[in-house]
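Given next are the chains, with one letter for each unit.
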Amino acid sequence: MRKCSGLSSNFVYTMSYNNTTQPSILNVTEETLHQVSEADIYGFWIGFSLAIFSNAFTGSSYIVKKLGLNRVAKKQEGVLPDHDGYGYLKEWLWWVGMSLMIFGEILNFLAYIFAPATLVTPLGALSVIVTAVMSSIFLKERLNIIGKVSCGLCVIGSTVMVVHSPQETQVHSMDEMLEKVQEPIFIVYCLTLLGVALVFIIILAPKYGGKYVLVYQAICGILGSFTVMGSKGTGIAISQTVKGDQQFTNWFTYVNLAIVIACILVELNFLNRSLAKFNTAVVIPINYVLFTSFVVSLSAVLFKDFFYMNWKDIVSFFLGFIIVVGGIFLLNSFKDMDITMKNLPKAHKKEIEKDETINILVNGNIKNTNDTYRKLDNSQSIASIDQIVFETK
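For the structure given in this document, a descriptive report is provided here. Keep in mind that this is a model prediction, so the values were computed, not measured. (Residues numbered from 1 in each chain as written. Predicted model: local features only at pLDDT ≥ 70, side-chain atom pairs only at ≥ 80, totals over all residues. Heavy atoms only, no water.)

**Some details on the overall build of the protein**
For clarity, the cut-off: Strands are runs of DSSP state E lasting at least 2 residues, helices are runs of H or I lasting at least 4, and numbering of each runs from the N terminus. Burial classification: accessible surface area is computed with a 1.4 Å probe over protein chains only, and a residue below 20% of its type maximum counts as buried, one above 50% as exposed, and the rest as partly exposed. When checking whether two residues touch, look at their non-hydrogen atoms; a contact exists if any pair is within 4.5 Å. To be clear on the numbers: accessible area is Shrake-Rupley with a 1.4 Å probe, and residue cover counts the displayed protein chains and nothing else.
Secondary structure assignment for the protein yields 13 helices and 3 strands. Buried positions account for 41% of the 393 residues belonging to the protein. A sequence separation of at least 24 residues applies to 79% of the contacts in the protein between residues at least 6 apart. Looking at the protein as shown, the accessible area adds up to about 22,700 Å², and 65% of this sits on carbon and sulfur atoms.

Printed below as a string of structure tokens:
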């Protein structure tokens, strides 16, 4: 009886295990992973705050560096650093701007440790606003009303992207990171981006870099995406090391560090050339669009960011990005036009009696009598008028 009861209890335990434990495992894999813990919320706000301060420092650094580049150009009798090697390295004001940028990038690096790249990267639109405002104050670079509206569109679009930002797959160890970077689709995409970057650096930049702002900024955007991914890997290594799992004996940690250092050095070189040749209010927004595009795409391939998102969030995210791109397009297209609130077209309602209106048909165009007389006096000759018809209404 005891043996039988033992079998019965084992059988009941087995049935209980099969009926209760298995569903709980399914719940963990499908539901629990998508629940937001207090640690995730805490990390979200830390990353969000760090990104805000980072973009404030980064945006102001562009202005200070531009001031330094202008000082170098004056000392060299108008020769810009783009054509004179690296003379700006001797300018102290440039190094102040560089220090601000380094501090901003450190904060940005820390933000990537606490928050997903798809959250931190869109907040870069704040640097566009900071740069636009400061450039109009300190650099006297005029930003017309369309440019101001474009900056507002950048903020709105970035806000939509942040609200609907995808949740990247959590990677907690360097082993998991190494496993992800070995996936074939990620390797193919990285090789494609590297090939495009080399074409721009070797072939296009020497010929067209000084004429078209997109050439230098495409290089910065591609290399910036690798910088972010390397920062994520380095951040994971630091996090594991702080928790007691030493990762600075892992070769993959130093690969990530090398990627970050190499890409930043090359990226800064071409960014300085852009700032020396083009308007700051144009360089920074275009840099933001291309940088965000490449970072989001590379992060989506590596971390499968959009895999667990519903279609509404995906559509909203890309609509927000389209709004930002539209704002950048307007800013770049109308940057040289003198458009203010004063010279915008205004509609005036004129009350004219029908009986007193006299129109003249000149070459098929109806003209007011006074306008036609004025044009006849100033520019038009009788020989240029094919037909004059007076109409009284």
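**Focus: the packing of helix α8 (residues 184-208) against helix α9 (residues 213-242)**
Applicable threshold: Between N-to-C directions, angles cover 0 to 180 degrees, with each direction set by a line fitted to C-alpha atoms, over the stretch in contact for helices. For classification purposes, an angle smaller than 35 degrees is called roughly parallel, one larger than 145 roughly antiparallel, one from 65 to 115 roughly perpendicular, and anything else oblique. Should the near helix be turned counterclockwise from the far one by less than a right angle, the crossing is left-handed, whereas a clockwise turn marks it as right-handed. Throughout, the ten residues Ala, Val, Leu, Ile, Met, Phe, Trp, Tyr, Cys and Pro are labelled nonpolar, Asp, Glu, Lys and Arg are labelled charged, and all others, Gly among them, are labelled polar.
Where α8 contacts α9, the axes come no closer than 9 Å and their chain directions differ by 150°. In terms of orientation, α8 and α9 fall into the roughly antiparallel class. α8 and α9 meet at a crossing whose hand is left-handed. Within the contact between the two elements, α8 uses C190, L193, L194, V196, A197, F200, I201, L204, A205 and Y208 and α9 uses V215, Y216, A218, I219, I222, S225 and F226. Taken together, the residues of the contact of α8 with α9 sort by class into 16 nonpolar, 1 polar and no charged.

**Structural notes on the pattern of salt bridges**
Note the cut-off: By salt bridge we mean one thing: a side-chain nitrogen of Lys or Arg within 4 Å of a carboxyl oxygen of Asp or Glu.
This structure, assessed with the given rule, holds 2 salt bridges. The partner of E91 in a salt bridge is R71, and the shortest N-O contact between them spans 2.8 Å. One end of the pair, E91, is in the loop between α2 (38-75) and α3 (92-114); the other, R71, is in helix α2, and 20 residues separate them in sequence. Judged by its relative accessible area of 3%, E91 is buried. Across the pair E183 and K304 runs a salt bridge, and its minimum N-O distance is 2.7 Å.

**Considering α9**
Convention followed: Multiplying 1.5 Å by the residue count of a helix minus one yields the expected span of that helix.
Over its 30 residues, α9 extends 42 Å from the first C-alpha to the last, a length consistent with the 44 Å expected when each residue adds 1.5 Å. Burial within α9 is extensive, with 25 of its 30 residues counted as buried. Looking one or two places after α9, you find G244, whose phi comes out positive at around 110°.

**Some points on the environment of V171**
With respect to the helices and strands, V171 occurs in the loop between α6 (145-163) and α7 (174-181). Overall, the relative accessible area of 12% leaves V171 in the buried class. Separated by 62 residues in the primary sequence, V171 and G233 have C-alpha atoms spaced 9.2 Å apart.

**Here's the deal with a negative patch on the surface**
The cut-off we apply is this: Patch definition: residues above 30% relative accessible area lacking any salt bridge, with like charges linked at up to 9 Å and the nonpolar side chains Val, Leu, Ile, Met, Phe, Trp and Tyr linked at up to 5 Å. For the charge count, each Lys or Arg is scored as positive and each Asp or Glu as negative, with His and the chain ends excluded. By convention, charge coordinates are those of NZ in Lys, CZ in Arg, CG in Asp, or CD in Glu.
A surface patch of like charges, here negative, comprises D175, E176, E179 and D245. Position of D175 among the secondary structure elements: in helix α7. In this structure D175 comes out as exposed when scored by relative accessible area, which is 58%.

**Some thoughts on the side chain of S231**
Counting through the fold element by element, S231 comes out in helix α9. Excluding its chain neighbours within four sequence positions, the residues that come into contact with S231 are F109 and V260.

**Section: the packing of aromatic side chains**
As a reminder of what qualifies: Any Phe, Tyr or Trp ring, taking Trp's six-membered ring, that has another such ring centre within 6.5 Å forms a pair; planes under 30 degrees apart are called stacked, those over 60 apart edge-to-face, and the others tilted. Sitting over a ring, as applied to charges here, requires NZ of Lys or CZ of Arg to be within 6 Å of the ring centre and within 35 degrees of the ring normal.
Summed over the entire model, instances satisfying the criterion amount to 8 aromatic pairs. Summarising the aromatic geometry, the rings of F57 and F103 are spaced 4.9 Å apart at their centres and angled 85° between planes, so their arrangement reads as edge-to-face. Taken as a pair, F57 in helix α2 and F103 in helix α3 lie far apart in primary sequence, 46 residues in all. Take F57: its relative accessible area is 28%, and that puts it in the partly exposed class. The class of F103 is partly exposed, set by a relative accessible area of 40%. Note on F248 and Y254: the rings are 6.4 Å apart at their centroids and 75° apart in plane angle, and the pair reads as edge-to-face. In this structure, R273 packs its charged tip against the face of F270, placed 5.1 Å from the ring centre.

**Regarding α3**
Defined as follows: Two N or O atoms form a polar contact when they lie within 3.5 Å of each other; inside protein one atom must be a possible hydrogen donor and the other a possible acceptor, and for residues adjacent in sequence the pair counts only when both atoms belong to side chains.
Spanning 23 residues, α3 covers 34 Å between terminal C-alpha atoms, matching the ideal 33 Å at 1.5 Å per step. For α3, the complete set of buried residues consists of L93, W94, G97, M98, M101, G104, L107, N108, A111 and Y112. In this structure E91 caps α3, since a side-chain oxygen of it lies 3.3 Å from the backbone nitrogen of L93.

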